[in-house]
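# Structure at a glance
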Amino acid sequence: MKTALVLGAGGFIGGHLVKRLKSEGFWVRGVDLKLHEYAETEADDFVVADLRDSHVVRNVVDRRFDEVYQLAADMGGAGYIFTGEHDADIMHNSATINLNVADACHKRTIKQVFYSSSACMYPAYNQEDPDNPNCAEHSAYPAAPDSEYGWEKLFSERLFLAYNRNYGMRNRVARYHNIFGPEGTWQGGKEKAPAAVCRKIALAASNDTIDIWGDGLQTRSFLFVDECVEGTTRLLRSDFEGPVNIGSNEMVTINQLVHMVADIAGKSIEMNHIPGPTGVRGRNSDNQLIQERLGWAPSQTLRAGMERTYAWVEQQVRRNAA
Ligand code: NAD
């Protein structure tokens, strides 16, 4: 039986990845600081532990796993990573986890670790025009991410690739672009735009006004979590090390996203644009490289994913109110 290790298995993408690996017949160990909040884990073994501790990491990397996915990070949406208030924690916690994981996997002669970097590592100067952001993989340098979260991601993707060059590992690096879907954080300050918009609209009555950070003209693309998991497993099992974007190239403004969710909910919603952390002006996934190297790119529409996500968030809101 093949074995897989999912670090960050108590989180949003990690939870979905565990389900996928189980459906493929893997024996799966998940590790996280916490149990999954919204679903019982399907992992065969789930270790609640702190991956900042190198002894812990050596203990959970106790065999030559066939597949290792390193998703654990101190992260959140714009309200967490762009305010500057959590910068030291974000950099220290995530870099420590990555240093520990790369080294423990190397010592265990594990050949390939998947590492989830982020589109936040792209230079801010290429993302000032909301209609024409440049997020091609080769545009990463000269580096100028707009957040410490992005700088840490850049450091850690280089770390995993340095282990490839110096120790003959074959680690894989993907740059995720705004992943969304059911069973992700939807309240509490770490949620991201799609879940936050769904929550605000689920709580609103028709003709209510909801607050939106910024003028809503900033652009983004959002990738449904099932496609993220598909791209992740495909990359790990390919002969391409990356870095490569895993994201959607269906770019929308935040205002368009709000209109779409209001339409799904069947409500008429007004927007009140207020000051708040918004990140770069424009961002879209460039999928040319993934298409070329993996012969695959995400294709599901934003609308289809938002319908499933809204239904789930609305259910959470109702449950909370009961
Ligand atoms: P998430 O916050 O839901 O999951 C991350 C998990 O890591 C959490 O469950 C958290 O408890 C765990 N963790 C944090 N510190 C830990 C520690 N010291 N020890 C053990 N576990 C620890 O986030 P996610 O959306 O599932 O993201 C997974 C990965 O993908 C992260 O590395 C993130 O930076 C990256 N990423 C995500 C997105 C996105 O839109 N979701 C975009 C770009 C990159």
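In this text, all values refer to a predicted model and were calculated from it rather than measured experimentally. (Residues numbered from 1 in each chain as written. Predicted model: local features only at pLDDT ≥ 70, side-chain atom pairs only at ≥ 80, totals over all residues. Heavy atoms only, no water.)

## Concerning the environment of Asn-132
In this fold, Asn-132 is placed in the loop between β5 (113-118) and α5 (148-167). Placed 67 residues apart in sequence, Asn-132 and Arg-199 show a C-alpha to C-alpha distance of 29 Å. (Helix = DSSP H or I, 4+ residues; strand = E, 2+ residues; numbered from the N terminus.)

## Points about the site of the ligand
The environment of the ligand is formed by 26 residues, the closest being Ile-13, Asp-32, Asp-50, Tyr-149 and Ile-179. One of the backbone nitrogen or oxygen atoms of Leu-71 is found 2.9 Å away from an oxygen atom of the ligand. Taking Lys-153, its side chain carries an N or O atom lying 2.9 Å from an oxygen atom of the ligand. When the ligand sits alone it has 810 Å² of accessible area, and the protein chains cover 93% of it. Elements that contribute at least two residues to the shell around the ligand include exactly α1 (12-23), β5 and α5. Examining the composition of the shell around the ligand, we find that three residues originate from one element, β5, more than from any other. (Near = heavy atom within 4 Å. Polar contact = N/O pair within 3.5 Å; in protein donor to acceptor, adjacent residues only side chain to side chain. Areas by Shrake-Rupley, 256 points an atom, 1.4 Å probe, with all protein chains shown as cover.)

## Comments concerning the pattern of salt bridges
Applying the stated criterion to the full structure yields 20 salt bridges. Between Glu-230 and Arg-20 there is a salt bridge, with the nearest N and O atoms lying 2.8 Å from each other. Of this pair, Glu-230 sits in helix α7 (residues 225-236) while Arg-20 sits in helix α1, and the two are 210 residues apart along the sequence. Across the pair Asp-50 and Arg-52 runs a salt bridge, and its minimum N-O distance is 2.5 Å. In the salt-bridge network here, residues are joined through shared partners; they are Arg-20, Glu-24, Glu-67, Glu-230, Arg-234 and Arg-237. (Salt bridge = Lys/Arg side-chain N within 4 Å of Asp/Glu carboxyl O.)

## Thoughts on the domain arrangement of the protein
Interfaces are often sized by the amount of accessible area the parts lose when they come together. Here the protein is partitioned into domain 1 (3-177 + 225-246) and domain 2 (180-221 + 251-284 + 301-321). Computed from C-alpha atoms alone, the centre-to-centre distance between domain 1 and domain 2 is 25 Å. Between domain 1 and domain 2, the contact holds 29 residues from the first and 27 residues from the second. Both sides together, the interface formed by domain 1 and domain 2 hides about 2,200 Å², and carbon and sulfur atoms give 56% of it. Inspection of the region where domain 1 meets domain 2 yields three salt bridges. Ionic pairing is found between Arg-308 and Asp-226, a salt bridge with its closest N-O pair at 3.6 Å. If you look at where domain 1 meets domain 2, you find 12 residue pairs in polar contact (both at pLDDT 80 or more). When its residues are assigned to classes, the side of domain 1 that touches domain 2 shows 14 nonpolar, eight polar and seven charged. (Domains from an automatic or database assignment. Contact = heavy atoms within 4.5 Å. Buried area = accessible area lost by both parts, 1.4 Å probe. Nonpolar A, V, L, I, M, F, W, Y, C, P; charged D, E, K, R; others polar.)

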